[in-house]
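Understanding the architecture of this molecule
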Amino acid sequence: MKLQLVRHAQSTSNVLRTLNTRMPGPPLTELGRQQADALADQLVDARIVGVYASVAVRAQQTAAPLAARHGLDVRVVDGLQEIFVGDLEDRGDTEALTAFAEVFHPWTRGQLDLAMPGGESGHDVAERFRGAIAQIRSKHEQEHPDGTVVVVSHGAAMRLCAELLADNVPPNLADAGLIPNTGSIVLEAMDGGGWHCHSWAGVDM
């Protein structure tokens with residue numbers, strides 16, 4: 001079974017370059033809707049057996065064309081949402097972005113006890129995201145061992161949790177390997193419950 005973590009298409013907060021992590025969040029832009037359609041075209045021949053999205057509007061709107069193309073429903077799962085940044089919400093100034101990086105960077109080095117100012121700790125994010133992925137895996141692994149499950153989520157949460165899930169994602173990649181809108185991280189299920197990363201934003205591992 002393969003798990004394709006996809007970052008949502010362009011949202012209005014992406015255009016403003018602000019940290020937007022409260023749910024349900026802003027919608028896609030017109031370009032974002034075009035990107036979502038292009039994603040569905042790109043994966044038209046893939047053996048997609050499930051399409052999931054976070055509770056964010058932008059993730060569900062991204063997932064909808066892909067699910068429709070494969071005759072599936074978008075299943076919304078709590079736990080897949082972006083890192084809640086608390087006091088940094090809706091900010092895009094240098095001070096806020098630096099504050100975010102000063103927490104996220106240590107997370108990728110294992111210091112998950114640190115928290116965003118007024119927001120989540122790394123442990124909080126890891127627990128909810130990995131729990132959601134475990135539920136998805138248990139649903140599909142036996143029934144569709146050769147299929148691909150697409151999960152539309154968010155860049156920072158994807159990067160951190162792909163590192164925590166997979167056996168071959170180094171901290172520097174999780175920290176600096178930004179995922180573009182509708183870019184993806186592809187993981188493959190391993191015996192024993194682990195994951196192996198096959199590609200990161202289109203680059204083979």
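We now turn to the structure provided with this report. What you see is a predicted model, and the numbers here were worked out from it, not measured in a lab. (Residues numbered from 1 in each chain as written. Predicted model: local features only at pLDDT ≥ 70, side-chain atom pairs only at ≥ 80, totals over all residues. Heavy atoms only, no water.)

Things to note about the overall build of the protein
Applicable threshold: Secondary structure elements are taken from DSSP: a helix is a run of H or I of four residues or more, a strand is a run of E of two residues or more, and numbering for both begins at the N terminus. We take the radius of gyration over the C-alpha atoms and set the globule estimate at 2.2 Å times the residue count to the 0.38 power. Partly exposed describes any residue whose relative accessible area lies between the buried limit of under 20% and the exposed limit of over 50%, with all areas from a 1.4 Å probe on protein chains only and scaled to the type maximum. Exposure was quantified through the Shrake-Rupley algorithm and a 1.4 Å probe, taking into account, for residues, occlusion by the shown protein chains and nothing else. In summary, the charge assignment counts Lys and Arg as positive and Asp and Glu as negative, without counting His or the chain termini. Every charge is mapped to an atom, namely NZ of Lys, CZ of Arg, CG of Asp or CD of Glu.
Of regular secondary structure, the protein possesses seven helices and seven strands. Reading the secondary structure of the protein in the N-to-C direction produces β-α-α-β-α-β-α-α-β-α-α-β-β-β. In terms of C-alpha radius of gyration, the protein reaches 16 Å, essentially the compact-globule figure of 17 Å for 205 residues. With respect to the principal axes defined by its C-alpha atoms, the protein has extents near 45 × 40 × 30 Å. Going through the 205 residues of the protein one by one, you find that 52% of them count as buried. About 9100 Å² of surface is accessible on the protein, with carbon and sulfur atoms providing 49% of the total. Here the protein carries 16 positive and 26 negative side-chain charges, and the mean point of each set is 3 Å from the other.

Remarks on the packing of helix α4 (residues 94-108) against helix α6 (residues 155-165)
Which entries qualify depends on this criterion: Axes here refer to lines fitted to C-alpha atoms; in helices the fit is confined to the stretch in contact. Angles between the N-to-C directions go from 0 to 180 degrees. Geometric relationships in this document are graded by angle, where less than 35 degrees denotes roughly parallel, more than 145 denotes roughly antiparallel, 65 to 115 denotes roughly perpendicular, and other angles denote oblique. Each crossing is labelled by how the near helix is turned from the far one, with a counterclockwise turn of less than a right angle marking it left-handed and a clockwise turn marking it right-handed. Contact criterion: two residues are considered in contact whenever any of their non-hydrogen atoms come within 4.5 Å of each other.
Contact geometry of α4 with α6 gives a least axis separation of 10 Å together with a crossing angle of 20 degrees. One element, α4, and the other, α6, form an angle in the roughly parallel class. Of the two possible hands of crossing, α4 and α6 adopt the one that is left-handed. Contacts from F100, F104, W107 and T108 in α4 reach A156, R159, L160 and E163 in α6.

Topic: the nonpolar core
Nonpolar side chains in soluble globular proteins generally cluster together in the buried interior. Inclusion rule: In these notes, a set of buried Ala, Val, Leu, Ile, Met, Phe, Trp, Tyr and Cys residues joined through side-chain atoms within 4.5 Å is what counts as a nonpolar core.
Ranked by internal contacts, the top residues of the largest apolar core, which has 44 residues, are L5, W107, M116, I133, V151, I185 and L187. No other element matches α6, which puts seven residues into this core. With sequence-adjacent residues up to four places away left out, L5 is seen in contact with F129, I133, V151, M158, A162, G183, S184, I185 and L187. Judged by nonpolar contacts, the second largest core, of 14 residues, contains L39, A40, L43 and V152.

Details of the side chain of H154
So the rule is basically this: In protein, a polar contact requires one atom able to donate a hydrogen and another able to accept it; more generally it is a pair of N or O atoms within 3.5 Å, and residues adjacent in sequence count only if both atoms are side-chain atoms.
Examined against the element boundaries, H154 turns out to sit in the loop between β4 (148-153) and α6. At a separation of 2.7 Å, a polar atom in the side chain of H154 contacts the side chain of S54. Those residues in contact with H154 that lie beyond four places of it in its chain are R7, H8, S54, A56, R58, A59, L80, Q81 and E82.

Some words on α6
Taken across its eleven residues, α6 has ten buried, putting it largely inside the fold. Residues of α6 that are buried include every one of G155, A156, A157, M158, R159, L160, C161, A162, E163 and L165, and no others.

Overview of the sheet that holds strand β3 (residues 74-76)
The test is simple: Here, any two strands with at least 2 DSSP bridges between them count as paired.
Taken in spatial order, the seven strands of this open sheet run β3-β2-β4-β1-β5-β6-β7, and their pairing is mixed. The two strands at the open ends of the sheet, each matched to only one other strand, are β3 and β7 (203-204). In this structure, strand β6 (residues 195-200) lies alongside β7, joined through two bridges in antiparallel fashion. Its bridge partner being in β7, W200 is matched across the sheet by V203.

Describing the pairing of strand β1 (residues 2-7)
Within β1, five of the six residues are buried, which leaves the element mostly enclosed by the surrounding structure. As judged from the six bridges shared by β1 and β4, these two strands associate in the parallel manner. Looking across to β4, one finds that K2 is bridged to T148. As defined by bridge partners, β1 adjoins strand β5 (residues 184-189) across five bridges and the pair is classed as antiparallel. Across the sheet, residue L5 finds its bridge partner in β5, namely I185.

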